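Here is what each chain is made of, one letter per residue.
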Amino acid sequence: MKNFQIIKALSSSSAVASITKDTSVMFIAGGTNLVDLMKKNVVAPDKLIDINALDLKKIEFLNGKVSIGALAKNSQVAEDQSIKEKLPLLALALAAGASQQIRHMATVGGNMLQRTRCPYFYNTDMPCNKRVPKSGCGAIGGTNRMAAVFGTSDSCIAVHPSDMCVALAALDATVLVEGPKGKRQINFTDFHRLPGNTPEKDNTLEIRELITSIEIPDNNFTKNVHYLKVRDRSSYAFALVSVAVALELKNNVISNAKLAMGGVAHKPWRLTETEDFLKGKTASEDIFKQAGKLGMKGARGYGDNDFKLTLGANAITEALTIAASK
Ligand SMILES: Cc1cc2nc3c(=O)[nH]c(=O)nc-3n(C[C@H](O)[C@H](O)[C@H](O)COP(=O)(O)OP(=O)(O)OC[C@H]3O[C@@H](n4cnc5c(N)ncnc54)[C@H](O)[C@@H]3O)c2cc1C
Ligand code: SF4
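Residues numbered from 1 in each chain as written. Chains lettered and ligands numbered in written order. Predicted model: local features only at pLDDT ≥ 70, side-chain atom pairs only at ≥ 80, totals over all residues. Heavy atoms only, no water.

Chemist: Describe the nonpolar core, with residues and values.
Modeler: Counting 41 residues, the largest nonpolar core has Ile 68, Leu 90 and Met 112 as the members making the most contacts within it. Among the elements that make up this core, the one with the highest residue count is helix 9 (residues 164-170) (seven residues). With near-sequence residues (within four places) excluded, Met 112 lies in contact with His 160, Met 164, Cys 165, Val 175, Phe 188, Phe 191, His 192, Ile 211 and Ile 214. (Core = buried A, V, L, I, M, F, W, Y, C linked by side-chain atoms within 4.5 Å. Buried < 20%, exposed > 50% of the residue type's maximum accessible area, 1.4 Å probe, protein only. Helix = DSSP H or I, 4+ residues; strand = E, 2+ residues; numbered from the N terminus. Contact = heavy atoms within 4.5 Å.)

So this is what it looks like as structure tokens:
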């Protein structure tokens, strides 16, 4: 790892002003992903802007929405009693990620910007279009058990690894950012992007923008929710496939449904067609099986990850069944 400078930012505007157009200067929050990437020489900034002193840690229950600061720790959000009551899906998804120690360091903003866990991305001896544009993709035709089955391109088949982001996509969150041109908001489902020809770009954030908070509109998803994470070990492992489900049920009839998947695409994968299919239906084993099949319509495997097509359908069915039974 090369030597670098670290500077503590005391305001959002000074943090933004410190960042250069290339990656020679980067923000650091909990450091749980960035430091690993620096140790492996995947990124090599000259200077880090430590944003931990900024006043961006609050969880606030405002009129019609919940606001969570970008520097709130993953454990702080997951264990907040009001979040557990008002946004239980978010609390469940956060608790399914990493380990308690990592959740104590990891921040909301850092979680959104964590890089893929594709093994070729972390190995600088291997080709990877995301790490070095136009160098090739080792995973296509190589080891690709964790890879995406939706929204892939000939350039990249990596998945976004976050659990938290799957719940936020399902809950229609908004991302608030501040940059040299001022402040703006981005719909959560537009924040992460598909790889296309530019897999080096994970999201729609501009280079010098700082995430300041996320907002989640109030909803009635306080009971029939579930976050199902299928992984190789029962803790401390990324999702092979995950499903976030939030249902509103009246006399066992589904009046509203939100669904998103993790481990299947370069971004949290919202299942809007399946949501529309479920609305107005009576919750039943058969309907949830049909929803599982519909949710995986159009999925494509790359060899090692072909199992995700069946696993994904079964996981959707299982997550819906558990959510409806609460
Ligand atoms: C062993 C291990 C297991 C893990 N398992 C899981 C898991 O199962 N599920 C899961 O979801 N995650 C998992 N993680 C990932 C973990 O959740 C992320 O590393 C963490 O959320 C990143 O947050 P951070 O604050 O440490 O970010 P950092 O490492 O500090 O930063 C990450 C990136 O975000 C940028 N950044 C940070 N904050 C901001 C901001 N406010 N505005 C703009 N840019 C910003 C940094 O410049 C950097 O590029 C795991 C990590 C490890 C090490
Ligand atoms: S899938 Fe994406 S991250 Fe993985 S090797 Fe290919 S280009 Fe790199």
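Chemist: Any chance you could break down the sheet that holds strand 3 (residues 47-50) for me, citing the residues and the numbers?
Modeler: Strands sit in the order 1-3-2 across an open sheet of three strands; the sheet is parallel. Two strands close off the open sheet at either side, each with one partner strand: strand 1 (5-8) and strand 2 (25-28). Neighbouring strand axes in the sheet, compared pairwise and without regard to direction, differ in orientation by 30 degrees on average. Here strand 1 runs beside strand 3; their pairing, made up of four bridges, is parallel. Within strand 3, the residue paired with Ile 6 across the bridge is Leu 48. (Pairing = 2+ DSSP bridges. Axes fitted to C-alpha atoms, helices over the stretch in contact; angles between N-to-C directions.)

Chemist: Can you explain the site of ligand 2? Please cite residues and give values.
Modeler: Around ligand 2, the structure places Cys 118, Tyr 120, Cys 128, Asn 129, Lys 130, Cys 137, Gly 138, Ala 139, Ser 155, Cys 156, Ile 157 and Ala 158. A per-class count over the shell around ligand 2 returns eight nonpolar, three polar and one charged. (Near = heavy atom within 4 Å. Nonpolar A, V, L, I, M, F, W, Y, C, P; charged D, E, K, R; others polar.)

Chemist: Describe the pairing of strand 11 (residues 253-262), with residues and values.
Modeler: Of all the ten residues making up strand 11, seven are buried; the element is thus mostly covered by neighbouring parts of the structure. Between strand 10 (residues 241-250) and strand 11, which pair antiparallel and follow one another directly, the connecting turn spans two residues, one of which, Asn 251, has a positive phi of 50 degrees. As paired elements, strand 11 and strand 12 (residues 269-270) share two bridges and run antiparallel to each other. Bridge pairing links Met 261 to Trp 269 in strand 12.

Chemist: I'd like a description of the pattern of salt bridges, backed by residues and values.
Modeler: Under the defined criterion, the tally for this structure stands at 15 salt bridges. In this structure, Asp 172 engages Arg 270 in a salt bridge whose closest nitrogen and oxygen atoms are separated by 2.8 Å. With Asp 172 in the loop between helix 9 and strand 6 (174-179) and Arg 270 in strand 12, this residue pair connects regions lying 98 residues apart in the sequence. Under the relative-accessibility criterion, Asp 172 is labelled partly exposed at 34%. Looking at Arg 270, the relative accessible area reads 18%, which means it is buried. For Arg 184, the salt bridge goes to Glu 209, with nearest N and O atoms at 2.7 Å. Residue Arg 184 is located in strand 7 (residues 182-187), and its partner Glu 209 is located in the loop between helix 10 (188-191) and strand 8 (210-217); the two are separated by 25 residues in the primary sequence. Overall, the relative accessible area of 8% leaves Glu 209 in the buried class. (Salt bridge = Lys/Arg side-chain N within 4 Å of Asp/Glu carboxyl O.)

Chemist: Could you give an account of the packing of helix 12 (residues 285-295) against helix 13 (residues 307-324), naming the residues involved and the relevant values?
Modeler: Each pair of packed helices can be described by the angle between their axes along with the distance between the axes. It is the contact of helix 12 with helix 13, at a shortest axis distance of 7 Å, that shows an interaxial angle of 140 degrees. Overall, the two elements helix 12 and helix 13 adopt an arrangement that is oblique. For the element pair helix 12 and helix 13, the recorded crossing hand is right-handed. On helix 13, the residues that touch Phe 288, Lys 289, Ala 291, Gly 292, Lys 293 and Gly 295 of helix 12 are Ala 313, Ile 316, Thr 317, Leu 320, Thr 321 and Ala 324. Here the residues of the contact of helix 12 with helix 13 sort into six nonpolar, four polar and two charged. (Parallel < 35°, antiparallel > 145°, perpendicular 65-115°, else oblique. Left-handed = near helix turned anticlockwise from the far one by under 90°.)

Chemist: Outline helix 12, listing residues and values.
Modeler: Of the positions making up helix 12, those classed as buried are Ile 287, Phe 288, Ala 291, Gly 292 and Gly 295. Take helix 12 and look down its axis: the buried residues cluster within an arc of 145 degrees, on one side only. Helix 12 presents Glu 285 and Lys 293 as exposed residues on the side facing more than 90 degrees away from its buried surface. Against the buried residues of helix 12 lie strand 11, helix 11 (272-278) and helix 13. (Arc of directions from axis to C-beta.)

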